[in-house]
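Here are the chains, one letter per residue:
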Amino acid sequence: MAGYLVSDERKVTTRRFIEMKQKGEKISMLTSYDFTMAGIVDRAGIDGILIGDSASNVMVGNSTTLPMTVDQMIYHARAVVNGVKRALVVCDMPFGSYQTGVHDGVCNAIRIMKESGCDALKMEGGVEILDTVKAILDAGIPVMAHLGLTPQSINKFGTYAVRAKEEKEAAKLLSDAIALAEAGCFAVTLEKVPAQLAEQVTREIGVPTIGIGAGSHCDGQILVVADMLGMTQGFSPRFLRRYADLNTVITDAVGQYVTDVKSGDFPNESESY
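Draft legend 1. Fine view of the packing of aromatic side chains. Enumeration according to the criterion identifies 2 aromatic pairs in this entry. With a centroid separation of 6.0 Å and an interplanar angle of 65°, the aromatic rings of F17 and F186 are classed as edge-to-face. Taken together, the residues F17 in helix 1 (residues 14-23) and F186 in the loop between helix 8 (167-183) and strand 6 (187-191) connect sequence positions 169 residues apart. Classification of F186 by relative accessible area gives buried; the value is 4%. We note R163 situated over the ring of F157; from NZ or CZ to the ring centre the distance is 3.9 Å.

Draft legend 2. Seen up close, the sheet that holds strand 2 (residues 48-51). Around the barrel, which closes on itself, the 8 strands sit in the order 1-2-3-4-5-6-7-8 with parallel pairing between neighbours. Averaged over all neighbouring strand pairs, the angle between strand axes comes to 25°, with direction disregarded. Sheet topology places strand 3 (residues 88-92) next to strand 4 (residues 120-124); 3 bridges connect them, and they run parallel. Among the inter-strand pairings, D92 is bridged to a residue of strand 4, identified as K122.

Draft legend 3. Seen up close, the pairing of strand 1 (residues 27-31). Most of strand 1 is tucked away: 4 of the 5 residues are buried. Direction of pairing for strand 1 relative to strand 8 (residues 220-223): parallel, over a ladder of 4 bridges. In the sheet register, S28 faces strand 8, and the bridge partner there is Q221. Across 3 bridges, strand 1 lies against strand 2 in parallel orientation.

Draft legend 4. Inspection of the environment of G96 at higher detail. As for its placement among the helices and strands, G96 is situated in the loop between strand 3 and helix 5 (102-116). Take G96: its relative accessible area is 41%, and that puts it in the partly exposed class. With 30 residues separating them along the chain, G96 and L66 place their C-alpha atoms 8.3 Å apart.

Draft legend 5. Expanded view of the pattern of salt bridges. Counted under the stated rule, the structure contains 10 salt bridges. Its salt-bridge partner being D219, residue K21 comes within 2.7 Å of it at the nearest N-O pair. Placement of K21 in helix 1 and of D219 in the loop between strand 7 (209-212) and strand 8 is noted, with a sequence separation of 198 residues between them. Judged by relative accessible area, D219 falls into the buried class, the value being 11%. The partner of R111 in a salt bridge is D71, with the nearest N and O atoms 2.4 Å apart. In this pair, R111 sits in helix 5 while D71 sits in helix 4 (residues 70-83), placing the two residues 40 residues apart along the sequence. For D71, a relative accessible area of 49% corresponds to the partly exposed category.

Draft legend 6. View of the packing of helix 2 (residues 35-43) against helix 4. Packing of helix 2 against helix 4 brings their axes to within 7 Å, and their N-to-C directions diverge by 40°. Of the possible angle classes, the one that applies to helix 2 and helix 4 is oblique. Remark: the crossing between helix 2 and helix 4 carries right-handed chirality. Facing helix 2, whose interface residues are F35, A38, G39 and D42, helix 4 presents A79, V80, N82 and G83. Broken down by class, the residue content of the contact of helix 2 with helix 4 amounts to 4 nonpolar, 3 polar and 1 charged.

Draft legend 7. Looking closely at the pairing of strand 3. A large share of strand 3 lies buried, amounting to 5 of its 5 residues. Covered by surrounding structure in strand 3 are L88, V90 and D92 together with V89 and C91, the residues of both alternating faces. Across 4 bridges, strand 2 lies against strand 3 in parallel orientation. Looking at the pairing, L50 lines up with V90 of strand 3.

Draft legend 8. Examining helix 8 more closely. An ideal rise of 1.5 Å per residue puts 24 Å on 17 residues; helix 8 measures up with 24 Å between its terminal C-alpha atoms. Turning to helix 8, its buried residues number three or more, namely A170, L173, L174, D176, A177, A179, L180 and A181. Buried residues in helix 8 make contact with helix 6 (130-138), strand 5 (143-148), strand 6 and helix 9 (195-204). Positioned one or two residues after helix 8, G184 has a phi angle of 125°, which is positive.

Draft legend 9. Up close: the side chain of D47. Locating D47 in the fold gives a position in the loop between helix 2 and strand 2. A polar contact of 2.9 Å, which involves the side chain of D47, links it to the backbone nitrogen of S28. Beyond its immediate sequence surroundings of up to four residues, D47 is in contact with V12, F17, M20, K26, I27, S28, R86, A87 and L88.

Cut-off values and rules
- Residues numbered from 1 in each chain as written.
- Predicted model: local features only at pLDDT ≥ 70, side-chain atom pairs only at ≥ 80, totals over all residues.
- Heavy atoms only, no water.
- Phe/Tyr/Trp six-rings, centres within 6.5 Å; stacked < 30°, edge-to-face > 60°.
- Helix = DSSP H or I, 4+ residues; strand = E, 2+ residues; numbered from the N terminus.
- Buried < 20%, exposed > 50% of the residue type's maximum accessible area, 1.4 Å probe, protein only.
- Lys NZ or Arg CZ within 6 Å of the ring centre and 35° of its normal.
- Pairing = 2+ DSSP bridges.
- Axes fitted to C-alpha atoms, helices over the stretch in contact; angles between N-to-C directions.
- Salt bridge = Lys/Arg side-chain N within 4 Å of Asp/Glu carboxyl O.
- Parallel < 35°, antiparallel > 145°, perpendicular 65-115°, else oblique.
- Left-handed = near helix turned anticlockwise from the far one by under 90°.
- Contact = heavy atoms within 4.5 Å.
- Nonpolar A, V, L, I, M, F, W, Y, C, P; charged D, E, K, R; others polar.
- Expected span 1.5 Å × (residues − 1).
- Polar contact = N/O pair within 3.5 Å; in protein donor to acceptor, adjacent residues only side chain to side chain.

These figures come from the coordinates and say nothing about function on their own.
Written out as structure tokens, the structure is:
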């Protein structure tokens, strides 16, 4: 069964991401971290699913993404892959898995791909990690770049504020995007950057840009699934649109279950063997 707006049930590939940009077709992406949610998101017709290291915040409750390990990312990615038939599945390389050099980056990239079964990897950073990106690409592994606000560098930035508002940083972001695209990255995520800059990057490079807080001119958009479904609370950046209020729905359902158990209403005779 195809998704709500999707008639093409073929597996989405990195090549199709680029073809979608060429055709002017917007790309939809969401995060997922488990089998059940990934299956729902995939059946709804999403083009790409990211196993984000945001699992550190959403699934574990950490304040940053830094604690996530390669083992933990593989665990979540394997669960997502098991639930997906159509969407392109991309896994974040966690902090520390590639910043230590080319050899470590390639070894960890190969391990994530082999043990998770995902389709591609995402890496945060610009020309500083270009040699590692190239080596991973040379190993036959597709890479999605990530520029702008890079949460793995939060301790360097000291803030989650919008990046590249100043001319110097904006120029570097653009040159980084061009270099990463020319190196062979199949897409570039742009997080929390001015919409005008994101539009320029999108125009300048031949691979799709995936925005999160980067305006409407990107080739695609991504949100954290728990945020857009209204499961999380206390996080309301400007770029977040909530499509449901599952926090209230789930709380009400659990509350009703507690009431039914306490009153003896559940299970009733028809629910017993």
